[in-house]
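Inside the fold
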Amino acid sequence: MRARVTHTLTYRYSAPVLLGPHRFCLRPRGHGFQHLRSFELSVTPEPSRLYPLIAASGDEILRARFLDSTELFEVKATSVVDTLVPAPLTVCLEENEPLLPYPMGHLNSDLLGSLQGWLPNGQHDPAAVDLAQEALMGSDQRALMFLNQLVEIIQDRVKYTQRHIGPAWPAGRTLKERVGSCRDLAMLMIETCRCVGLPARFVSGYHLVEPKPKRYDLHAWAEVYLPGAGWRAFDPSGMGAIDDRYIPVATSSKPELTAAVTGSFSGPPKVTSELEWSIEAEDLAMTEALAAV
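To keep things clear, this report deals only with the structure shown in the data block. From a predicted model like this one, the values you see are computed outputs, not experimental measurements. (Residues numbered from 1 in each chain as written. Predicted model: local features only at pLDDT ≥ 70, side-chain atom pairs only at ≥ 80, totals over all residues. Heavy atoms only, no water.)

The final tally for this structure, using the stated rule, is 13 salt bridges. Residue Glu 134 is joined to Arg 157 by a salt bridge in which the shortest nitrogen-to-oxygen separation is 2.3 Å. Here Glu 134 is found in helix α2 (residues 126-136), whereas its partner Arg 157 is found in helix α3 (residues 143-157), with 23 residues between them in sequence. For Arg 157, a relative accessible area of 27% puts it in the partly exposed group. Note that Arg 173 is salt-bridged to Glu 177, the shortest N-O span being 3.8 Å. With Arg 173 and Glu 177 both in helix α4 (residues 171-177) and 4 residues apart, the pair spans about one turn of that helix. (Salt bridge = Lys/Arg side-chain N within 4 Å of Asp/Glu carboxyl O. Helix = DSSP H or I, 4+ residues; strand = E, 2+ residues; numbered from the N terminus. Buried < 20%, exposed > 50% of the residue type's maximum accessible area, 1.4 Å probe, protein only.)

It is the contact of α3 with helix α5 (residues 182-195), at a shortest axis distance of 11 Å, that shows an interaxial angle of 140°. Considering the angle they form, α3 stands oblique to α5. Relative to α5, the crossing made by α3 is right-handed. Mapping the contact onto sequence places Phe 146, Leu 147, Leu 150, Val 151 and Ile 154 in α3 and Leu 185, Leu 188, Met 189, Thr 192 and Cys 193 in α5. Partitioned by chemical class, the residues of the contact of α3 with α5 number 9 nonpolar, 1 polar and no charged. (Axes fitted to C-alpha atoms, helices over the stretch in contact; angles between N-to-C directions. Parallel < 35°, antiparallel > 145°, perpendicular 65-115°, else oblique. Left-handed = near helix turned anticlockwise from the far one by under 90°. Contact = heavy atoms within 4.5 Å. Nonpolar A, V, L, I, M, F, W, Y, C, P; charged D, E, K, R; others polar.)

The pairing of strand β1 (residues 2-24) with strand β4 (residues 60-65) spans 3 bridges and is antiparallel. By the bridge assignment for β4, Phe 24 is matched with Leu 62. The sheet contact formed by strand β3 (residues 49-54) and β4 spans 6 bridges and is antiparallel. Bridging from a neighbouring strand, Arg 49 pairs with Arg 65 of β4. (Pairing = 2+ DSSP bridges.)

Okay, the environment of Ile 190 next. Within the fold, Ile 190 resides in helix α5. Given the relative accessible area of 1%, Ile 190 is considered buried. Sequence separation between Ile 190 and Arg 37 is 153 residues, and the spatial gap between their C-alpha atoms is 30 Å.

The buried fraction of strand β8 (residues 200-207) amounts to 7 of the 8 residues, a majority that puts the element mostly inside the structure. Where β8 lies against strand β9 (residues 218-226), 7 bridges are found, and the strand directions are antiparallel. Among the inter-strand pairings, Ala 200 is bridged to a residue of β9, identified as Val 224. Inspection of the sheet shows β8 paired to strand β12 (residues 246-252) by 6 bridges, in the antiparallel sense. Across the sheet, the residue bridging to Val 203 is Thr 251, located in β12.

This is how it looks when you write it as structure tokens:
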């Protein structure tokens, strides 16, 4: 699939403010199963400095610094990407499908950050441990069957709903509430996979669903590292399997590091801010095909 995505965020302030340093995670992934054909970022007011950095995940992020005060802050990112469908996992793993729990000592040490529990002491949430044990039952300890069962259990136990405000919930709360946003379900899957030795990380990006909705939103899903197949994506709030209509933008072992825009501002007492955002997406291949008819 070839798609153009335009993501705009507009912040309005009730009085002039000074913008602190900002971090932008808006540049889609340009490697692996996705090719970034073009990327343009416009920022108002114009930053005094704007420079790219390579995050620990390998994604390119942008940092900006500002000098002048403003009542309007707008960030607009326009990307054109080609997405590919990866080879089936059964083909990649053949007769070498990992058995679970996977020994931590067999993994590259670079992956250890994607195995840590989400509790303050670094331990795994007991609810995720219980869920992992349940998904292991009947899976013959095989990783692919475990992942399929895990997605089915999550979709059976938790009702997906949109929630635009707040961080991702821990596994225990999501299972207790029996309802969760895409980022809540993603973190539930991530935490559960880590319990059985499978590194997992959080992904933020775009899902160009069909039929086209009235309004697109950022979406979140999980990537799981399978020895022999590498990082592979799963969407517990969707159909489980990932196709070429998913566009990953930012990945991290910590979901808060994938936010589209993070930063600060300072101004007079009681100054307030309002955020408006929009995501416009177009399937360019479909548009070209219709134009040729």
